[in-house]
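Letter by letter, the chains look like this.
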Amino acid sequence: MNDTQAVTLNALALYGLALLLAAAFAAQLVLHELPCPLCLLQRILFALLAIGPILNIPFGPRPSHYAMSLLTAVLGATVSSRQVLLHILPGDAGYGSALLGYHYYTWALIAFIAAIVLLAAMLLFDGQFNHRAAPGASPGKFAQGAVWLVVVLTALNVLSTLLECGFGACADNPVVYELLKRAA
C-alpha cells in the first residue's frame, strides 16, 4: 500500500466517523433523545478518533498519527464498556432506544473495537510510510471533504452539548436543553 492509497483509506474512515456522528446527532434531534454524559464522552472520543486520519491526509501517513487514534479507540472502548456494564443486569431497560436490538453505547463499543482492529491492521502496511507525496501537494477534494464534514459535525455536537448542559455539569438523565430552558 502506498501513501496515496492510505490517504484514501483515511478519508473513507473519516466518512465512516462522520456517518456515526451524524447518526448520533440525528437520534438526538429526530427522536428527541438527549445524550447522557457517558454518551457525550463517547461522541467526543469519536471526534478525537478522527485526529489521526485528519493528520494523515495533509501530512501523509505516520505511525504516530495512527497511534493517537489507536489510544483514543482504546479509551473509547473503555468508556463504552463502562456504560454497557451499567445496564447489563437483567430487567434493566438501558438508556435510550435500541437500534437493531442494541443500544447506542453497545454500538459504540463495537465501533471502537472495530477501530482498534482496523488501526492495528493499517500499521502493518509499512509501504505507506516510505513514500511521501511531493511537498505542497494538496489532498484531493474527496479527502478534504471528509475532513471538513467531521469538523462541522463535531462543532455541531459541541454546540448541542452546550445547549443541553449549559456551563455546568450535564444531567445524568437529561430531558431538556438547559440553556434553552434558561432563555425561555
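Residues numbered from 1 in each chain as written. Predicted model: local features only at pLDDT ≥ 70, side-chain atom pairs only at ≥ 80, totals over all residues. Heavy atoms only, no water.

Asks: Got a minute to help me understand the packing of helix α1 (residues 3-30) against helix α7 (residues 141-165) in this structure?
Replies: The angle between the axes and the distance between the axes are what describe a pair of packed helices. Running from amino to carboxyl end, α1 crosses α7 at an angle of 25°, the nearest separation of the two axes being 9 Å. Here α1 lies roughly parallel to α7, going by the angle between them. The crossing of α1 and α7 is left-handed. Residues V7, T8, A11, L12, L14, Y15, A18, L21, A22, F25 and Q28 of α1 lie in contact with α7, whose contacting residues are F142, A143, G145, A146, V147, L149, V150, L153, T154, L156, N157 and S160. Tallied by class, the residues present in the contact of α1 with α7 amount to 17 nonpolar, 6 polar and no charged. (Axes fitted to C-alpha atoms, helices over the stretch in contact; angles between N-to-C directions. Helix = DSSP H or I, 4+ residues; strand = E, 2+ residues; numbered from the N terminus. Parallel < 35°, antiparallel > 145°, perpendicular 65-115°, else oblique. Left-handed = near helix turned anticlockwise from the far one by under 90°. Contact = heavy atoms within 4.5 Å. Nonpolar A, V, L, I, M, F, W, Y, C, P; charged D, E, K, R; others polar.)

Asks: Explanation requested: the packing of α1 against helix α3 (residues 51-59) in the structure shown.
Replies: One can describe the packing of α1 onto α3 by two numbers: an axis separation of 9 Å at closest approach and a directional angle of 145°. Of the two elements, α1 crosses α3, and the hand of that crossing is left-handed. Residue-level inspection shows V7, N10, A11 and L14 of α1 in contact with α3, the latter providing P53, I54, N56 and I57. A per-class count over the contact of α1 with α3 returns 6 nonpolar, 2 polar and no charged.

Asks: Please clarify how the environment of I116 should be interpreted in this entry.
Replies: As for its placement among the helices and strands, I116 is situated in helix α5 (residues 104-123). A residue is classified by how much of its surface remains accessible, and I116, at 23% relative accessible area, is partly exposed. Residues I116 and Y105, 11 residues apart in the sequence, show an inter-C-alpha distance of 16 Å. In this structure I116 touches L70, A73, V74 and A77, once residues within four positions along its chain are discounted. (Buried < 20%, exposed > 50% of the residue type's maximum accessible area, 1.4 Å probe, protein only.)

Asks: What exactly am I supposed to notice about a nonpolar patch on the surface here?
Replies: Together, W148, V151, V152, L156, L159, L162 and F167 make up an exposed nonpolar region whose accessible area comes to about 710 Å². Within the secondary structure layout, F167 lies in the loop between α7 and α8 (178-183). A relative accessible area of 73% places F167 in the exposed class. (Patch = residues over 30% accessible without salt bridge, like charges linked within 9 Å, V, L, I, M, F, W, Y side chains within 5 Å. Areas by Shrake-Rupley, 256 points an atom, 1.4 Å probe, with all protein chains shown as cover. Salt bridge = Lys/Arg side-chain N within 4 Å of Asp/Glu carboxyl O.)

Asks: What should I look at first to understand the packing of aromatic side chains in this one?
Replies: To describe a pair of aromatic rings, one takes the distance between the centres and the angle between the planes. Tallying each qualifying case throughout the model produces 4 aromatic pairs. Between Y15 and F142, the aromatic rings sit 4.9 Å apart at their centres with planes inclined by 40°, giving tilted as the arrangement. With Y15 in helix α1 and F142 in helix α7, this residue pair connects regions lying 127 residues apart in the sequence. The exposure class assigned to F142 is partly exposed, which follows from its relative accessible area of 43%. (Phe/Tyr/Trp six-rings, centres within 6.5 Å; stacked < 30°, edge-to-face > 60°.)

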